[in-house]
Amino acid sequence: MTDLDSFAARLKTLTGGRASTPRVKDGVMTLALEVGGLTAEQRDAIAAAIREGALTVPGVSDVRIAMTAERKELRIIAVASGKGGVGKSTLSANLAVALKRLGHRVGLVDADIYGPSQARLMASEDQKPQARDKHLIPVQSPVGVPMLSMAHLVEPGRALAWRGPMVSNALGQLIDAEWGDVETLIVDMPPGTGDIQLSMIQKHKPAGVVIVSTPQDLALIDATRAVNLFEQAHVPLIGLVENMAGYACPHCGEVSDPFGAGGAEAAAKEMGMAFLGRIPLAIDIRRRSDAGDPPAAGDDVHGQAFRAIAEKIAEYVAR
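Note that the coordinates shown come from a computational prediction; the quantities given were computed from them, not determined experimentally.

Asker: Summarise empty space enclosed by the protein; cite the residues concerned and give the values.
Answerer: To find leftover empty space, one rolls a probe the size of a water molecule over the atoms. In the structure shown here, the tally under the stated rule is one cavity of 30 Å³ or more. The calculated volume of the largest cavity comes to roughly 30 Å³. As for the largest cavity, its lining consists of Thr90, Ala93, Asn94, Leu121, Ser289 and Pro294. The element contributing the most residues to the lining of the largest cavity is helix α3 (residues 88-101), with three residues. Here the residues of the lining of the largest cavity are counted per class, giving three nonpolar, three polar and no charged.

Asker: Report on unusual backbone geometry, specifying residues and quantitative values.
Answerer: Phi is positive for Asp26, close to 55 degrees, though the residue is something other than glycine. Turning to its location among the elements, Asp26 is positioned in the loop between β1 (23-25) and β2 (28-34). Here Ala123, not a glycine, exhibits a phi torsion of approximately 55 degrees, which is positive.

Asker: Describe the sheet that holds strand β3 (residues 62-68), naming the residues involved and giving the relevant values.
Answerer: Backbone-to-backbone hydrogen bonds pair the strands of a sheet. The strands run either parallel or antiparallel. Strand order in this open sheet of three strands is β1-β2-β3, and the pairing throughout is mixed. Because the sheet does not close on itself, it has two edges, and the strands there are β1 and β3. Across the sheet, the mean angle separating the axes of adjacent strands is 25 degrees when strand polarity is ignored. The pairing of β2 with β3 spans seven bridges and is parallel. Within β3, the position partnered with Val28 by the bridge is Asp62. Seen against the sheet, helix α2 (residues 40-54) touches β2 and β3 and runs at an angle of roughly 150 degrees to β3.

Asker: Give me the lowdown on the sheet that holds strand β15 (residues 275-279), citing residues and values where you can.
Answerer: Pairing is mixed across the open sheet formed by eight strands, whose spatial order is β8-β9-β5-β10-β4-β11-β12-β15. In the strand order of this sheet, the two ends are held by β8 (139-140) and β15, each with one partner. For β8 and strand β9 (residues 146-149), the ladder comprises two bridges, and the chain directions are antiparallel. Considered in β9, the bridge of Gln140 is made with Pro146.

Asker: Before we move on, could you go through the nonpolar core and cite the residues and values that matter?
Answerer: Nonpolar side chains tend to gather and get buried jointly when the protein is soluble and globular. Core analysis: the biggest nonpolar cluster contains 39 residues, and Trp179, Leu185, Val187, Met189 and Ile211 have the highest contact counts within it. Elements supplying a minimum of two residues to this core: β4 (75-80), α5 (164-175), β10 (184-188), α6 (195-204), β11 (208-213), α7 (217-232) and α8 (263-271). The element contributing the most residues to this core is α7, with six residues. In terms of nonpolar packing, the next biggest core, distinct from the first, is built from 35 residues, Phe306, Ile309, Ile313 and Val317 among them.

Parameters at a glance
Residues numbered from 1 in each chain as written. Predicted model: local features only at pLDDT ≥ 70, side-chain atom pairs only at ≥ 80, totals over all residues. Heavy atoms only, no water. 1 Å grid on protein atoms, 1.4 Å probe; cavity = no way out; pocket = protein on both sides within 12 Å on 5 of 7 lines; lining within 4 Å. Points joined across faces, edges and corners; volume = space filled by probe spheres on them. Helix = DSSP H or I, 4+ residues; strand = E, 2+ residues; numbered from the N terminus. Nonpolar A, V, L, I, M, F, W, Y, C, P; charged D, E, K, R; others polar. Pairing = 2+ DSSP bridges. Axes fitted to C-alpha atoms, helices over the stretch in contact; angles between N-to-C directions. Contact = heavy atoms within 4.5 Å. Core = buried A, V, L, I, M, F, W, Y, C linked by side-chain atoms within 4.5 Å. Buried < 20%, exposed > 50% of the residue type's maximum accessible area, 1.4 Å probe, protein only.

Take a look at the structure:
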């Protein structure tokens, strides 16, 4: 057995059978490495080990590795609303965290190009994504959820005056990133029924959508419009979440309903949708969200509220 044959045999163990038979010409070893399903760290570690071993083969002075992968189709769950200010971004972040804690391989995309907030909610504002082969590599949030947002790509506070095609291209770059072993992508949509929603529906084909609303009548009217858009596009409706549902006074404990009560559940029933649950109006959720500490990362009453909704989404995904 030659030195090259011996190294080729070791490659099978080193890469788990992912490497092709190596070839050597003019001192350069070439081989292909199938990297589908691997994270960027795993790919780099395997490639480094290959190079280290290859350079011990007599006559080899350089190593060239062609990384190949069949890009798998991600399961996209869109989180949408008919209007802004209903807590959709907070719900998206906490659903991603809760799903990860339930054992799902989940990533998070902030598709609100003009008003991104996920970097703040997930404490990743100081990170910038790298790129490989024209694809972005998601940043890692402190809670272990890989994510991408325009906030990672532009200067803080900078206004983006982009027209529809530019917004659509930006959304495509965020979604078509190198997500590694991620299987489910939570996409925080901007409010309304505009260009980004149409691009998402036409190009990326969500597996389902979660609609967020407060209990008040005006928000529910707008939520109905969002539901209608996704129904017309034949995107499955996972269900409706009622946010800011009830405020418990931190002093006396009395619960009041500044935005009304039960409106979203009644609207879901009227529209034939599943009602996924309620998230309370709580100052602790607001404080922790501003601090980049998603409540779903803990097991208190607010973390459990997000987890209960995530469990229903997990059931939907498992069907």
